[in-house]
Amino acid sequence: MPVVLPQRLIVLGSLLWLIVVSPLFVESAAYRYVAPFIALIALHYYRKASVRPRTDWLGWLCMAWGTYVLVRFVAIFLLTPAHLIGASDWLYAYPLFFPILGVALLLYEPVLEKIVAAVLAMALIMLIATQHFREVFAGETVRPLIMNNQIHGAVACGLILILTAFWLLHYLTDKSSNRSIARFAYIVSPLIAILCLIAIYGAKSKGVWLALAATLPVLGLVTVTYLRLKTGLIVVACAAVLLLAGAYAVRHNIEKTAGPTVASTIEMFDNITKSRDLGDAVSSTITSDATPFAMDARLQLWSNGWELFSSAPIFGWGGEWVERWKHTRYADVQYTLLHNGYLEMLVRHGLFGGLVMALILAALISNVWRARKAGLIPRTAWHAYAVCLFFFSLTLLSNSNNRLAIGESLALTSSAFAFWCRMRLKGERLLMPRTKPQAEAVSA
């Protein structure tokens, strides 16, 4: 007999899942406090079940990695005189939660379609409530949604845009899905997409612009595969023309925002080609008065990060890295957020940590892809998963979004989904023990 949750627990759990993904709209730490409750619900039913999903090598690897991170964190804290704790280092232990959150999705599988619809409904409400049309079209920089800065808001809008596109494609191509939700998707999806594009433009995050510029062609190519070739090409061509026309209309603002950074980048690469010395070229770019402040700060951060990684390339510095940071070349730079998600990992855990996390990520992606091939999830779910990760991985090149609420939330939800796919591939469910018939129970 499969687990059937009480109605009150279905409602509560659905609300908790909405809070877990809430960093898409509101940058707060609320998701950190509710994710353990979802895990506890799943653990309760997992322990009660007579037949449970078996933990395989990937589950053990995630829990082993999380344990390693916590043990190392505690050891460095106890063994260093200053009790060093790094900065957000404990976040890298999140894989501990991945398997049990996958079990939680097994419990809430019957209402997943409604939860996704609720997420996109919240997206529309928040985008409308926080719109800044007057400021955007006046050329000012705006902060989309309720975020700590405009870059975080732009990343969130990029993810919402991708999710919305595949959400709409799902209901356009899968006629067996919920028709009420489908009609809702037909109406709100175009509105969400337009609001996201306006917000991303208004945020003026050059890193997100670049990531989206690389992602939109991929999104367009995938879209063509869902529609009849002629129809798909017409839709993609019209969307491309509208985007290009919009970009041309605001070209002076785009040039004003990105022009100095592009010029400094071209000059830096020209110096690298001439001198064949990366370090000297970066140093001269940092000291140049023509280099924009944001680029200058990032180059200093990346230089410091590379310096730390180079001094402990195998296992990194763990929680000691902030103390070591004080002795780097550009230690007086005002941030310790490295503005590069990959350096964040390498500085703390070196190539070993990078290899383990890459292995976990590859296995998670493989799970979702195989679930799609087996027909267990819609094709749109696989494409939404893959394109969102592609876009987010590009944003990590210029920002440490994995250390933000939106990155942590994405890690928890996307990994839970991949573990759910893995369990479904094996045909695993949570099955409760059968109760004895009343007469048999009395005679016993």
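Nothing here was measured: the structure is a model prediction, and the numbers come from that model. (Residues numbered from 1 in each chain as written. Predicted model: local features only at pLDDT ≥ 70, side-chain atom pairs only at ≥ 80, totals over all residues. Heavy atoms only, no water.)

1. Here we look at the state of the cysteines
In step 1: Going through the model one piece at a time under the given rule, you end up with 0 disulfides.
In step 2: As a non-bridged cysteine, Cys62 has Cys421 as the owner of its nearest cysteine sulfur, 14 Å distant.
In step 3: A residue is classified by how much of its surface remains accessible, and Cys62, at 0% relative accessible area, is buried.
In step 4: Left without a disulfide partner, Cys421 is nearest to the cysteine sulfur of Cys388, which lies 14 Å away. (Disulfide = S-S within 2.5 Å. Buried < 20%, exposed > 50% of the residue type's maximum accessible area, 1.4 Å probe, protein only.)

2. Description of the packing of aromatic side chains
In step 1: The tally for this structure, following the rule as stated, stands at 14 aromatic pairs.
In step 2: Plain terms: the ring middles of Phe133 and Phe137 are 6.5 Å apart, the flat faces sit at 35° to each other, and that makes the pair tilted. Taken together, the positions of Phe133 and Phe137, both in helix α6 (residues 133-137) and 4 residues apart, correspond to about one turn of that helix.
In step 3: The partly exposed category is assigned to Phe133, whose relative accessible area is 33%.
In step 4: Arranged with centres 6.0 Å apart and planes meeting at 90°, the rings of Trp167 and Tyr171 form a pair that is edge-to-face. Of this pair, Trp167 and Tyr171 both sit in helix α7 (residues 150-173), 4 residues apart, roughly one helical turn.
In step 5: Overall, the relative accessible area of 6% leaves Trp167 in the buried class.
In step 6: Judged by relative accessible area, which is 2%, Tyr171 ranks as buried.
In step 7: Aromatic ring contacts, followed pair by pair, group Trp65, Tyr68, Phe315 and Phe352 into a single cluster.
In step 8: Taking NZ or CZ as reference, Lys204 lies 5.0 Å from the ring centre of Tyr201, over its face. (Phe/Tyr/Trp six-rings, centres within 6.5 Å; stacked < 30°, edge-to-face > 60°. Helix = DSSP H or I, 4+ residues; strand = E, 2+ residues; numbered from the N terminus. Lys NZ or Arg CZ within 6 Å of the ring centre and 35° of its normal.)

3. Here's the deal with the layout of surface pockets
In step 1: Volume-wise, the largest pocket comes out at about 1600 Å³.
In step 2: Forming the boundary of the largest pocket are 39 residues, of which Leu161, Leu197, Leu216, Ala239 and Leu243 lie nearest the centre.
In step 3: For the lining of the largest pocket, the elements supplying multiple residues, two or more each, are α6, α7, α8 (179-203), α9 (206-224) and α10 (229-249).
In step 4: For the lining of the largest pocket, the per-class residue count stands at 34 nonpolar, 5 polar and no charged. (1 Å grid on protein atoms, 1.4 Å probe; cavity = no way out; pocket = protein on both sides within 12 Å on 5 of 7 lines; lining within 4 Å. Points joined across faces, edges and corners; volume = space filled by probe spheres on them. Nonpolar A, V, L, I, M, F, W, Y, C, P; charged D, E, K, R; others polar.)

4. Considering the side chain of Thr413
In step 1: Mapped onto the secondary structure, Thr413 falls in helix α17 (residues 405-425).
In step 2: At 3.4 Å, the side chain of Thr413 forms a polar contact with the backbone oxygen of Leu410.
In step 3: When residues no more than four places from it in sequence are discounted, the contact partners of Thr413 are Trp17, Val20 and Val21. (Polar contact = N/O pair within 3.5 Å; in protein donor to acceptor, adjacent residues only side chain to side chain. Contact = heavy atoms within 4.5 Å.)

5. Remarks on unusual backbone geometry
In step 1: Its identity as a non-glycine residue notwithstanding, Lys204 has a phi of 55°, on the positive side.
In step 2: Among the secondary structure elements, Lys204 is positioned in the loop between α8 and α9.
In step 3: Assessed through its relative accessible area of 9%, Lys204 is described here as buried.
In step 4: With phi around 55°, His339 is a residue other than glycine that occupies positive phi space.
In step 5: Of note, His339 is situated in the loop between α14 (321-325) and α15 (341-373).

6. Quick look at the environment of Tyr31
In step 1: The topology assignment puts Tyr31 in helix α2 (residues 30-48).
In step 2: Judged by its relative accessible area of 1%, Tyr31 is buried.
In step 3: Distance from Tyr31 to Ile19, taken between C-alpha atoms, is 5.5 Å for residues 12 residues apart in sequence.
In step 4: When neighbours within four sequence positions are excluded, Tyr31 is seen to be in contact with Ile19, Val20, Pro23, Tyr94, Ala405, Glu408, Ser409 and Leu412.

7. Considering helix α13 (residues 293-311)
Note: α-helices contain 3.6 residues per turn, so residues at a spacing of three or four share the same orientation.
In step 1: With 19 residues, α13 should reach 27 Å at 1.5 Å per residue; the first-to-last C-alpha distance of 27 Å fits that figure.
In step 2: Those residues of α13 lying buried are Met295, Asp296, Ala297, Arg298, Leu299, Gln300, Leu301, Asn304, Gly305, Leu308 and Phe309.
In step 3: Looking at the buried positions of α13, the neighbouring elements they touch are α7, α11 (251-275), α12 (278-287), α14 and α15. (Expected span 1.5 Å × (residues − 1).)

8. Digging into the nonpolar core
In step 1: One finds Trp17, Leu107 and Phe166 to be the most contacted residues of the largest nonpolar core, which totals 113 residues.
In step 2: Looking at this core, the element that brings in the most residues is α8, giving 13 residues.
In step 3: Discounting residues that sit within four places of it in the chain, Leu107 has contacts with Val3, Leu5, Ile41, Ala42, Tyr45 and Leu430.
In step 4: Core analysis: the next-biggest nonpolar cluster, separate from the first, contains 11 residues, Ala87, Leu301, Trp321 and Leu338 among them. (Core = buried A, V, L, I, M, F, W, Y, C linked by side-chain atoms within 4.5 Å.)

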